Amino acid sequence: GKSPKTGEHIITLASDDQSFEFHIKTSQVSKISLVQVPKPDDEPMRLFRFVSKQGEPMCSLILRTGTSSSGDSDDTGVWFDSMVERYGESLEL
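For clarity, every value in this text was computed on a predicted model and none was experimentally measured.

The rules behind each value
Residues numbered from 1 in each chain as written. Predicted model: local features only at pLDDT ≥ 70, side-chain atom pairs only at ≥ 80, totals over all residues. Heavy atoms only, no water. 1 Å grid on protein atoms, 1.4 Å probe; cavity = no way out; pocket = protein on both sides within 12 Å on 5 of 7 lines; lining within 4 Å. Points joined across faces, edges and corners; volume = space filled by probe spheres on them. Nonpolar A, V, L, I, M, F, W, Y, C, P; charged D, E, K, R; others polar. Helix = DSSP H or I, 4+ residues; strand = E, 2+ residues; numbered from the N terminus. Expected span 1.5 Å × (residues − 1). Buried < 20%, exposed > 50% of the residue type's maximum accessible area, 1.4 Å probe, protein only. Arc of directions from axis to C-beta. Contact = heavy atoms within 4.5 Å. Salt bridge = Lys/Arg side-chain N within 4 Å of Asp/Glu carboxyl O.

**Observations regarding empty space enclosed by the protein**
Here is step 1 of the chain: Evaluation of the coordinates by the stated rule reveals 1 cavity of 30 Å³ or more.
Here is step 2 of the chain: Within this model, the largest cavity holds a volume of roughly 30 Å³.
Here is step 3 of the chain: What lines the largest cavity is simply Leu13, Ile32, Leu34, Phe48, Tyr87 and Leu91.
Here is step 4 of the chain: Class assignment for the residues of the lining of the largest cavity results in 6 nonpolar, no polar and no charged.

Dropping the structure here:
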């Protein structure tokens, strides 16, 4: 899609309930890797790793599993898995 503010091409990663939304300017990113790193005795660390057009790492978005303010377990893992299902483990832009 396009940004309504700038007109630049963007990809939006968003949760179904819209509690989380992240916009990526496709002109600046060449690749996004969706990675799960096992952690002993804990939920795996889930990351989005962004690589620039020059092949350099730009940043990582780390998703943390936790509980909501009501004490319920959140759906971070479910949402991350849905992003892997939708885009695959590596998205070339």
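Past the structure itself, the notes keep going.
**A short note on helix α1 (residues 76-87)**
Here is step 1 of the chain: Taking 1.5 Å per residue, 12 residues should reach 16 Å; α1 reaches 16 Å between its end C-alpha atoms and fits that length.
Here is step 2 of the chain: Taken together, the buried positions of α1 are Thr76, Gly77, Trp79, Phe80, Met83 and Tyr87. Axial view of α1: buried residues confined to an arc of 165°, hence all on one face. Exposed and oriented more than 90 degrees from the buried face of α1 are Val78, Glu85 and Arg86.
Here is step 3 of the chain: Contacts from the buried residues of α1 go to β1 (10-14), β3 (29-37), β4 (45-52), β5 (57-63) and β6 (90-92).
Here is step 4 of the chain: Residue Gly88 follows α1 closely and has a positive phi angle near 90°.

**A few points about the pattern of salt bridges**
Here is step 1 of the chain: Scanning the entire structure with this criterion turns up 1 salt bridge.
Here is step 2 of the chain: Between Lys25 and Glu8 there is a salt bridge, and its shortest N-O distance comes to 3.5 Å. A residue pair is termed long-range when its members are at least 10 positions apart, and Lys25 in strand β2 (residues 21-25) and Glu8 in the segment before β1 qualify at 17 residues.
Here is step 3 of the chain: Glu8 sits in the partly exposed class, given a relative accessible area of 24%.

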